[in-house]
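# Coordinate inspection notes
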Amino acid sequence: MSNRTIKTWAWVHKWSSLICTVFMLLLCLTGLPLIFHHEIGHLLGTEVETPKMAPGTPHASLDKVLEVARAQHPDRVVQFASKDEDDDNLWFVTMTPTPDPTEDFRSVAIDARTAEVLAQPRFDEGFMYVMFKLHVDLFAGLPGKLFLGFMGLLLLVAIVSGVVLYAPFMRKLDFGTVRRDRRTRLKWLDLHNLLGVVTLVWLFVVGATGMINTWADLVIKYWQYDQLSALMVPYQGQPTVPVAERGSVQRSMEVAQAQAPHTKLSFIAFPGTAFSSPHHTTFFLKGNEPFTSKLLQPVLVDAKTAEVTAAPQLPWYLTALLVSQPLHFGDYGGMPMQIIWALLDIATIIVLGSGLYLWLKKGKTVPVPDPRSKPETETGEVPARPLSDQPVEQPLGTAS
Amino acid sequence: MKPRHLFWPLWGWPIAMGVLTCIGLVSALFSDGGFGDMLAWLTLGIPTAVCFWFGWVRRIEQRP
């Protein structure tokens, strides 16, 4: 690789990483507690537990559960209802002022067997909420998400350019060399290269899937426009079906599940919400297999008649979104996987921090050798070889 | 043009780490607490251990 090519890549690496580094550090730091959000919830006592009852205790009608939830917040509507991930006896009902997307929501946790309110956990306050919001959208809604998505894109550019620069930096060094006995800056350069190249694929996958996640809102909107709108033609011009005119949600759930056997409920989106239509209660069912449990099958049930209208296949872009999510969260392979995720996250923090350090210390380093001069061997930091393809000494600071 | 023999000494281990990571990421997707999970722990654990070993523990001898 010629010096000029290296300089170009170094410029790309420098600016792509410099711009995104602060945000990436924020994402890595806030992501760390999010990897363990279930465990932290248990420790803080914010996870809702159902009381022990005889196994197989029959469940109350879902209509009763919803009635109880509505009684808690008569001024609100039910937007979503879902079963707890780990406990089939627990319903979570999300109540909002209107069916539109909003940050203003209340959650009511109801025992599926007795239809009694167990708790009203607040998911919109506290330490984990702040971590979550900083990680997802910087408290700035969709623009915040898209901004972080763009930072994710810059991270991917930084990773690719970092790979290109790895070769000229490491050509004369054994894999894993960290020159601790030399200047501090050289040690951090070696650590940056080592941790960067080892965590490369992981960080690329987590960065790319994170970026895809930031498009979720838009992807869902596109799905409504692309596929749901065709199904809605017969209902055009009608307002959202009022609660009083709706059929039984329990019966709707049964017909939806009969439509897609070997599935279980993921969540229910009520009429007029972002995941449904004004005329349907949409049941999102998930498969029973490890892989299919990450995918969703929507079943649209007419809110008035409780009859299935359609069960459209999830389009490829929503499938891609759903498959990419566990790859970002790292919560799909048990506790050891979460611990590995956290360690790789810490390694990334070191890569980002060392990159920043290398850039800040750029003024105190030996200048980039002139390609026409003799090799500079006495400093020990550039390998003794023809300088025509000698690397620039640092990935971030030299090509300005 | 680089001599061919430089490729593997330079890229062999990074590629191995990348392949292990890919196996780990995918195998856990298709498993639920079984062999796939353990394979993921192993294949993702190795790059993590490599970071720790070379970055933290190992001391190279100073060359004269």
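Residues numbered from 1 in each chain as written. Chains lettered and ligands numbered in written order. Predicted model: local features only at pLDDT ≥ 70, side-chain atom pairs only at ≥ 80, totals over all residues. Heavy atoms only, no water.

### Concerning the overall build of chain B
Looking only at helices and strands, chain B features 2 helices and 0 strands. For chain B, with 64 residues in total, the buried portion stands at 41%. Carbon and sulfur atoms make up 71% of the accessible area of chain B, which totals about 4,400 Å². (Helix = DSSP H or I, 4+ residues; strand = E, 2+ residues; numbered from the N terminus. Buried < 20%, exposed > 50% of the residue type's maximum accessible area, 1.4 Å probe, protein only. Areas by Shrake-Rupley, 256 points an atom, 1.4 Å probe, with all protein chains shown as cover.)

### Considering the UniProt feature "transmembrane region" (unreviewed entry) in chain A
Under the feature "transmembrane region" (unreviewed entry), the UniProt entry names residues 12-36, 146-170, 191-212 and 339-360 of chain A. Helix makes up 95% of residues 191-212 of chain A and strand 0%, and the two end C-alpha atoms of the span are 29 Å apart. (UniProt positions renumbered as here; feature names shortened; annotations may be inferred.)

### A look at the interface of chain A and chain B
At the interface, 36 residues of chain A touch 34 residues of chain B. Across the chain A/chain B interface, buried area totals approximately 3,100 Å², and carbon plus sulfur atoms make up 75% of it. On the chain A side of the interface with chain B, the three residues burying the most area are Phe175, Arg180 and Val198 of chain A, jointly 20% of the side's total. Counting every contact that joins chain A to chain B gives 0 salt bridges. Counting across the interface, chain A meets chain B through 7 residue pairs in polar contact (both at pLDDT 80 or more). Among the elements that take part in the side of chain A that touches chain B, helix H11 (residues 334-360) of chain A stands out by supplying 7 residues, more than any other. Class assignment of the residues belonging to the side of chain A that touches chain B gives a composition of 26 nonpolar, 5 polar and 5 charged. (Contact = heavy atoms within 4.5 Å. Buried area = accessible area lost by both parts, 1.4 Å probe. Salt bridge = Lys/Arg side-chain N within 4 Å of Asp/Glu carboxyl O. Polar contact = N/O pair within 3.5 Å; in protein donor to acceptor, adjacent residues only side chain to side chain. Nonpolar A, V, L, I, M, F, W, Y, C, P; charged D, E, K, R; others polar.)

### Focus: the UniProt feature "domain: PepSY" (unreviewed entry) in chain A
Mapped onto this numbering, the UniProt entry gives "domain: PepSY" (unreviewed entry) at residues 61-120 of chain A. Between the end C-alpha atoms of residues 61-120 of chain A there is a gap of 20 Å, over a span that is 18% helix and 38% strand.

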